[in-house]
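Spelled out, the chains give:
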Amino acid sequence: MMKELTPREVVRELDRYIIGQDEAKKNVAIALRNRYRRSRVSEEMREEIYPKNILMIGPTGVGKTEIARRLAKLVNAPFVKVEATKFTEVGYVGRDVESIIRDLAENAYRLVKNEHQERVRTRAEVMAEDRLVSILVNPVPKKAQNPIDILLGKNKTEPAPSEEEQLRISGKRNDILQQLREGQLEDMEVDVEVEESAPQLELGGNAISIGDMMGGMLPKRTKVRHMKVKEARKILLEEEASKLIDDDAVKEEAVRRAEEHAIVFIDEIDKICGRSATGSGPDVSREGVQRDILPIVEGSTVNTKYGAIRTDFILFVAAGAFHVAKVTDLIPELQGRFPVHVTLKSLTKQDFVRILTQTDNALTRQYSAMLAVDKVHLKFEEDALEAIADAACNANLEGEDIGARRLHAVFEELLEDISFNAGGDEMPDIDLNITAQYVNDHVKAAKHTDLRKYIL
């Protein structure tokens, strides 16, 4: 079930990472809450309530994709982000649009499986620990049997150990178990027999497992891997947890969760705009992609390896810069399936300053943490942050406006010398203050260009 966040709580969480764009945040927050509201009404009414899909319009780097990324972490619901440009019209080489729902089903299955595994984690840990002790007691792994021999009944049985040998092994197991729990054997290397993943075929841009194609008729193949105890524990824990859960129940829950609570984010939708009057050329394929996407957004049933999924109640959020194309260049049927339009604004200098000071993932914090590893302790003066924001604005004005992504380029240029010279065991701790003067000396865009010389 989704986390029961109110719209105000959703906006508050998004504010930690995204500056401005209040209208977009509000619309997304309302759409999320409506998913929860729909789940609480009567079943008869629930079938009549369809999600109001959202189209976000705005230049690159202003937060469209970031809003989608943060939504995925906020809600406990299946989520998939796709690029519209990856798909081509049916009949052309490329991915078909139904792969969006297949990817969504895969994410839903993984989400639900992790939840079920977490419920049996305690029991799985005991079983994985027991297997690990057995491996440490008998370090030489038994040779994996040939699947053909198993089918022919040629699997050999070993004689049972004597009572005296059982007591000796039991005492040894208790000693190893105690050392294992005390963490004394974490870096010890062992050979572990694990299941080998089935080979996959790439068909139409989709990876298909040969094991799935054969319907599980082939016996599981295993291989011996050499690894440390701490790595073996993770693999054995996952294997034991998988044995304890009901895979059919996981699939049913995954399909239900995908149908009722899933969110699909379609980025770069403006890149498939365009309709050709001549009936030929690349615009035909673009319009074809739109027409292929339409049934998915409108409501259809897509077959996946986990079951058939209805897309009627999936929330679709699309985004595009629409620099060249316009929203009206989308086919009318697709426009009608995105009734809520939200315009995101370009970032100003003050927005850049707020991004550097108010967000939890501010670049100032990221670079300070990274360079602290090499004993360089950065401190950014307030006027330095103003200069960095000014440089980002100048670079966006003089070149392509790439929004907040420009800050990454500015920081790389600003800290290039420091990052290159930092490092080494003999290096002492250094406290370094970044000032406005330092920014002006090391970032070209921080110097204002005199535009009067370009005036004719």
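Rules behind the numbers
- Residues numbered from 1 in each chain as written.
- Predicted model: local features only at pLDDT ≥ 70, side-chain atom pairs only at ≥ 80, totals over all residues.
- Heavy atoms only, no water.
- Helix = DSSP H or I, 4+ residues; strand = E, 2+ residues; numbered from the N terminus.
- Buried < 20%, exposed > 50% of the residue type's maximum accessible area, 1.4 Å probe, protein only.
- Contact = heavy atoms within 4.5 Å.
- Areas by Shrake-Rupley, 256 points an atom, 1.4 Å probe, with all protein chains shown as cover.
- Pairing = 2+ DSSP bridges.
- Axes fitted to C-alpha atoms, helices over the stretch in contact; angles between N-to-C directions.
- Salt bridge = Lys/Arg side-chain N within 4 Å of Asp/Glu carboxyl O.
- Arc of directions from axis to C-beta.
- Phe/Tyr/Trp six-rings, centres within 6.5 Å; stacked < 30°, edge-to-face > 60°.
- Lys NZ or Arg CZ within 6 Å of the ring centre and 35° of its normal.
- Parallel < 35°, antiparallel > 145°, perpendicular 65-115°, else oblique.
- Left-handed = near helix turned anticlockwise from the far one by under 90°.
- Nonpolar A, V, L, I, M, F, W, Y, C, P; charged D, E, K, R; others polar.
- pLDDT = per-residue confidence, 0-100.

### Some remarks on the overall build of the protein chain
- On a plain count of helices and strands, the protein chain comes out with 19 helices and 13 strands.
- Here the protein chain holds 456 residues, and the buried ones make up 40% of them.
- A separation threshold of at least 6 residues defines the contact pool for the protein chain, and within that pool the share at least 24 residues apart is 80%.
- As displayed, the protein chain has an accessible area near 26,300 Å², and 50% of this comes from carbon and sulfur atoms.

### Notes on the sheet that holds strand 7 (residues 263-267)
- Taken together, five strands build an open sheet; the order of strands is 2-7-10-1-11 and the sheet is parallel. Among the strands making up the open sheet, the edge pair consists of strand 2 (79-83) and strand 11 (340-343). On average, each strand axis in the sheet is inclined to that of its neighbour by 15°, with strand direction left out of account.
- Across four bridges, the pairing between strand 7 and strand 10 (residues 315-320) is parallel. Across the sheet, the residue bridging to Phe265 is Val317, located in strand 10.
- This element, helix 5 (residues 99-119), spans strand 2 and strand 7 of the sheet and lies at about 150° to strand 2.

### Observations concerning the pattern of salt bridges
- For the structure on display, the rule yields 30 salt bridges.
- Where Asp15 meets Lys25, a salt bridge forms, and the shortest distance between an N and an O atom there is 2.5 Å. Of this pair, Asp15 sits in helix 1 (residues 7-15) while Lys25 sits in helix 2 (residues 22-40), and the two are ten residues apart along the sequence.
- Asp15 gets classed as partly exposed once you look at its relative accessible area, which sits at 33%.
- A relative accessible area of 1% means that Lys25 is categorised as buried.
- Between Glu386 and Lys349 there is a salt bridge, with the nearest N and O atoms lying 3.5 Å from each other.

### Description of helix 17 (residues 406-414)
- Residues Arg406, Leu407, Val410, Phe411 and Leu414 constitute the buried set of helix 17. When helix 17 is viewed along its axis, its buried side chains cluster within an angular range of 135° and face the same direction.

### Considering helix 1
- Along helix 1, the residues classified as buried are Val10, Val11 and Leu14. End-on, the buried residues of helix 1 take up no more than an arc of 95°, which puts them together on one face. Along helix 1, exposed side chains directed more than 90 degrees from the buried face belong to Arg8 and Arg12.
- Those residues of helix 1 that are buried are in contact with helix 2 and helix 4 (64-74).

### What to know about the packing of aromatic side chains
- Scanning the model with the defined rule gives four aromatic pairs in all.
- Ring geometry for Tyr367 versus Phe411: centroids 5.3 Å apart, planes at 20°, classification stacked. Remark: Phe411 occurs in helix 17 and Tyr367 occurs in helix 15 (residues 363-372); sequence separation between them is 44 residues.
- The class of Phe411 is buried, set by a relative accessible area of 0%.
- By way of ring pairs, the aromatic residues Tyr367, Phe380 and Phe411 are connected into one cluster.
- Here the guanidinium or amino end of Arg38 rests over the ring plane of Phe313, the centre of that ring lying 4.0 Å away.
- The side chain of Arg70 reaches across the aromatic face of Tyr17, ending 3.8 Å from its centre.

### Some remarks on the packing of helix 1 against helix 2
- Axis separation between helix 1 and helix 2 bottoms out at 8 Å; the angle between their running directions is 135°. Classified by the angle between their axes, helix 1 and helix 2 sit oblique to one another. Classified by chirality, the crossing of helix 2 by helix 1 is right-handed. Packed against helix 1, whose contacting residues are Pro7, Val10, Val11, Leu14 and Asp15, the element helix 2 presents Lys25, Lys26, Ala29, Leu32, Arg33 and Arg37 at the interface.
- Class assignment for the residues of the contact of helix 1 with helix 2 results in six nonpolar, no polar and five charged.

### Considering the side chain of Arg38
- Looking at the secondary structure, you find Arg38 in helix 2.
- Dropping the residues within four chain positions of it, Arg38 is found in contact with Arg46, Ile49, Glu260 and Phe313.

### Structural notes on the packing of helix 15 against helix 17
- For the pair helix 15 and helix 17, the least separation of the axes is 11 Å and the interaxial angle reads 35°. Classified by chirality, the crossing of helix 17 by helix 15 is right-handed. When helix 15 is examined against helix 17, the residues Leu363, Thr364 and Tyr367 are found in contact with a partner set consisting of Leu407, His408, Phe411 and Glu412.

### What to know about the confidence of the model for the protein chain
- Per-residue confidence for the protein chain averages 82 on the pLDDT scale, and 81% of its residues sit at or above 70.
- Strand 9 (residues 307-310) holds the highest mean pLDDT among the elements of the protein chain, 94, whereas helix 7 (residues 147-151) holds the lowest, 53.

### Here we look at the pairing of strand 9
- Across four bridges, strand 8 (residues 301-304) lies against strand 9 in antiparallel orientation. The partner of Thr301 across the bridge, within strand 9, is Arg310.
- Hairpin connection from strand 8 to strand 9: two residues lie between these consecutive antiparallel strands.

### Thoughts on the environment of Arg102
- Following the sequence through the fold, Arg102 ends up in helix 5.
- Taking the C-alpha atoms as reference, Arg102 lies 8.0 Å from Lys305; in sequence the two are 203 residues apart.

### Quick look at the environment of Arg33
- Secondary-structure assignment places Arg33 in helix 2.
- Through-space distance from the C-alpha of Arg33 to that of Arg8 is 9.9 Å; in sequence the pair is 25 residues apart.
- If sequence neighbours within four positions are ignored, Arg33 has contacts with Glu4, Leu5, Thr6 and Pro7.

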